Amino acid sequence: MSILDMLILAEKASAAKHMAKAFGGTSGTVAGKTYKIVHAHGHLMEFKDPEKMVKTDAEKERYSSWSDMKTMPWNQADFSWAKTYAKSYNSYTKKSKSTRDDVNAIKSEAANADAILIATDNDPSGEGDLLGWEIVNAIKWNKPVYRIRFADETPKSLNQAMHSMVEITDQFKQGEYLKSDARSKWDFLSMQLTRISTYAARQAGYRVKVINQGRLKSVIVLKIWQQQQLIDQYVKTPYYEAKFKDPAGHIFARSLKDDEQKRTARFATEKDGQAEVDKYTKSPVTNIKRQHKTQAPGALIDLAKLGSILAKQGFNSKEVLATYQKMYEAEIVSYPRTEDKKITQEQFNELLPVVDAIAQVVGANQQLLTHRTLRSKHRATEAAHGANRPGVKVPSSLESLSKYGPSAQAIYRTLALNYLAILGEDYQFDRVTAELELYPDFKTGFNVPVQLNYKAIFDDTDSDDESNSVSDVVGPEAEPFVYQGANPKPTRPSADWIGKFLEKHNIGTGATRLGVQAQLTSGKNAFIKDQKGFYTLTQPGTIAAVLVRDSWIGSPNITKQLFDHMDEVGKLNESPAIVVNSATRVIEHDLPIILKNSRELTQFVGKQVKATKKYAAKPKTKGQLTNGKAVEFSSTWGGHKFTEGEIQQLLAGQVISFAAKSKAGKAYTASGMLKEQTYKGKKFWGFKADFGKK
DNA sequence: GCAAGGTC
């Protein structure tokens, strides 16, 4: 006899905490059901390695290969799609640990319940459904499963959700689960492109570790590479154009809308420009208009934007993510991994009593914080977490935050000022416009600040605005002059620029966008070098990019297509198998392209190669053991190449001896036999010397 | 040694 009607499964600790608050405890009665709340921390399960999802020895060999391109594309029907406990990484202890204990803890609580309720936020990608079902399947649950979804974690929303729970016991009829499961399989299959790229780079003679490719990674490195090409190919082409200037320095110019207009107004030489200018005379300024305008504070920032602001101050994304996480756990800042850029009225109200204290800590002028209502442009009707902002717990000082990490003070200051700006009044300015009496096509326009208001707290505009120092006195006359301009230089790749690109194409999520950039910019095998937010590709990064030129995986369109099909799966209009199969179409298409691109690598990375030595995969010998088992092993050892006779002896399980060389170059006689060995947790067959008998 | 998606 069960003790509980319902085991409520939350996605993470903070959600479980909010539910406990909403329902009156970690266990009790809600909506007429007895319950207990447990929580995961994200995905607790993940796919096993490819070679561990297949049955036969031949399949295991096929799916272990990094060097035989004939083994790809993989046949996904060979896979069991079995999952194993994920390794969770703790940034405090810098240790990774299996989620086995977490799953078992949930399992033992479930033993007391009649049903499990998957309770995660209303994420249209279905990720909450997937991680819920992963746990339900892992504990071999065979009783009813229910589902609630909620837009935010306020008691009101959570209690409402409890009154509209639905039964979803058949997971294969649940669109959200099916679509997200298909997405995860698609992404998993895309790992073939990493093996293909690694192989292709080595074949081309590059001593590389792993050349990672995927929907995010490939798009990011290729985009940076293409932009770098544009910059390298950029030729500054000056042009000379007639403009006018008044005594205060205001420029009067024509607005050149298309290329045709630009061609007729701009000249290639200064001489021709001067000839054009000579056609004009000094002109009185007329039609001066002064219009009063206002501008409300901009949007609140998300994590990617915060990362790019701090990058300019010299903090790297990896450190910012880790420090932010620690500050979130201390409740000093709000939940990090959100895509929300607005907040709900409740979230606004919650913070209102402490805004003066926050202002004091960051040194903002409290007298500017007069707009104590939430503007509609910042208000969301639903937001699970709300935009990144300070928490209700206010630190005693900025200095006290240093214990969370090097960027802690900068994170808090930036978040706080950005948030406090929405409590400032609108920026007030005069828009002044004027034109020339003799040549009315020549116009000027500029803004004169009247009251900075919110901009005095946090200025969100890029600095390419008109200078504030221009005088607001226009005219009375303006004289023609030769203006020298040039075609614009392509933007330098930066964290901000990549963030906007990914967001525009809907690639990755708020959490993964910054995470992947952190991954690509750190470690020994980094693909991107980050210099105060500006990106350049390292040598392996350049190799990764060149290999995916003209490929599908390097195109933002592949994610769009994947998501479009996922939506159809979600509506049960399309079979998940079609989505998963489309990954195989990508491998078929991209494999020959990557191999072809590898032949052009020297053209782009040739000069940067440190080790010019050709580097090829070690030659392997295939054969059969006396028990019939097929094995593959290196055909050389210690500088010695096994003879045909030695290979037969090794396969027969015999001990052989030969002249070998140590790494230091010392000659000795090696004796040993063929053995199954383990390297970094992976099993392989190879010659094993018996040093005891040497 | 591999992906992207959650999480700490």
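Structure first, text after, so check above.
Criteria and cut-off values
Residue numbers here run from 1 along each chain, matching the order of that chain's written sequence. Here chains are named by letter from A upward and ligands by number from 1 upward, in the order in which they appear as written. Under the rules for a predicted model, residues below a pLDDT of 70 receive no local features and side-chain atom pairs below 80 are neither given nor counted, while totals for whole chains, interfaces and linings still include all residues. Note that the side-chain values use all heavy atoms of the structure and ignore hydrogens as well as water. Think of it this way: any DSSP run of H or I at least four residues long counts as a helix, any run of E at least two long counts as a strand, and we number them from the N terminus. Only four residue types enter the charge count, namely Lys and Arg as positive and Asp and Glu as negative; His and the chain termini do not. One atom stands in for each charge, and that atom is NZ of Lys, CZ of Arg, CG of Asp or CD of Glu. For a helix, the expected span equals 1.5 Å multiplied by the number of residues minus one. Think of it this way: the bend at a residue is just the angle between two axes, each fitted to seven residues, one set ending at that residue and the other starting at it. For this analysis, residues touch if any pair of their heavy atoms sits within 4.5 Å. Here a polar contact means two N or O atoms within 3.5 Å. Within protein one must be a hydrogen donor candidate and the other an acceptor candidate, and residues neighboring in sequence count only if both atoms are side-chain atoms. Interaxial angle, 0 to 180 degrees, is taken between N-to-C directions of lines fitted to C-alpha atoms, where a helix line uses only the stretch in contact. Angles are sorted into four bins: roughly parallel if under 35 degrees, roughly antiparallel if over 145, roughly perpendicular if 65 to 115, and oblique for all others. Residues are grouped as follows: Ala, Val, Leu, Ile, Met, Phe, Trp, Tyr, Cys and Pro are nonpolar; Asp, Glu, Lys and Arg are charged; all remaining types, including Gly, are polar. Stacked, tilted and edge-to-face are the three classes applied to pairs of Phe, Tyr and Trp rings, where Trp contributes its six-membered ring and a pair requires centres within 6.5 Å; stacked means planes under 30 degrees apart, edge-to-face means over 60, and tilted covers the rest. Each residue is placed in one exposure class: buried if its accessible area under a 1.4 Å probe, protein chains only, is under 20% of its type's maximum, exposed if it is over 50%, and partly exposed if it falls in between. To sit over a ring, a charge needs its Lys NZ or Arg CZ within 6 Å of the ring centre and within 35 degrees of the ring normal.

Looking only at helices and strands, one finds 22 helices and 26 strands in chain A. In terms of overall dimensions, chain A has C-alpha extents of about 100 × 75 × 55 Å along its principal axes. The average position of the 99 basic charges and that of the 78 acidic charges among the side chains of chain A differ by 9 Å.

Taking 1.5 Å of rise per residue, 23 residues should cover 33 Å, and helix α20 (residues 576-598) covers 33 Å from first to last C-alpha, within 8% of that figure. Approximately 30 degrees is the largest bend angle found in α20, and it occurs at D590, with the proline P592 only one to four residues beyond. Looking at the packing, one finds that the buried side of α20 touches α6 (175-189), α7 (192-203), α18 (539-547), α19 (556-570) and α21 (601-605). For α20, the N-terminal cap is S575; the gap from its side-chain oxygen to the backbone nitrogen of A577 is 3.1 Å.

What follows covers the packing of helix α12 (residues 317-329) against helix α15 (residues 408-420). The contact between α12 and α15 brings their axes to 9 Å, and the two run at 70 degrees. Here α15 runs roughly perpendicular to α12, going by the angle between their axes. For the pair α12 and α15, the contacting residues are V320, T323, Y324 and M327 in the first and A408, I411, Y412 and L415 in the second. Grouping the amino acids of the contact of α12 with α15 by side-chain chemistry returns seven nonpolar, one polar and no charged.

So, about the packing of aromatic side chains. Tallied over the entire structure, the rule returns 20 aromatic pairs. A centroid spacing of 5.8 Å and a plane angle of 80 degrees characterise the contact between F23 and Y35, whose relative ring orientation is edge-to-face. With F23 in helix α1 (residues 13-23) and Y35 in strand β3 (residues 33-39), the pair connects residues that are twelve residues apart, well separated along the chain. Grouping residues by exposure puts F23 and Y35 together as buried. For the pair Y63 and W74, a centre-to-centre distance of 5.6 Å together with 75 degrees between the ring planes defines the contact as edge-to-face. Highlighted residues: Y63 in the loop between α2 (57-62) and β5 (83-85) and W74 in the loop between α2 and β5, separated in sequence by eleven residues. Since its relative accessible area comes to 1%, W74 is described here as buried. Among the aromatic residues, those joined into a cluster by ring pairs are F47, Y63, W74, F79, W81 and F188. Across from the ring centre of F481, 5.0 Å away, lies the NZ or CZ of K245, which sits over that ring. Cation over ring: R266 sits above Y239, and NZ or CZ is 4.0 Å from the ring centre.

Positionally, T542 belongs in helix α18. The spatial distance from the C-alpha of T542 to the C-alpha of T323 is 30 Å, given a sequence separation of 219 residues. Setting aside anything within four residues of it in sequence, one finds T542 in contact with W225, L537 and V605. Of note is the side chain of T542, whose polar atom sits 2.8 Å from the backbone oxygen of T538.

Once that is clear, we can look at unusual backbone geometry. Both trends apply: most residues other than glycine have a negative phi, and most peptide bonds are in trans. With an omega of 0 degrees, the peptide bond between M72 and P73 qualifies as cis. In this fold, P73 is placed in the loop between α2 and β5. Cis geometry marks the peptide bond from G475 to P476; its omega dihedral reads 5 degrees. Here P476 lies in the loop between β16 (443-451) and β17 (477-486). Of note, A31 is a non-glycine position whose phi angle comes to about 50 degrees, a positive value. A31 sits in the partly exposed class, given a relative accessible area of 32%.

All right, on to the side chain of T323 then. The residue T323 is located in helix α12 in this model. T323 gets classed as buried once you look at its relative accessible area, which sits at 2%. Beyond its immediate sequence surroundings of up to four residues, T323 is in contact with Y404, G405, P406, S407, A408 and I411.

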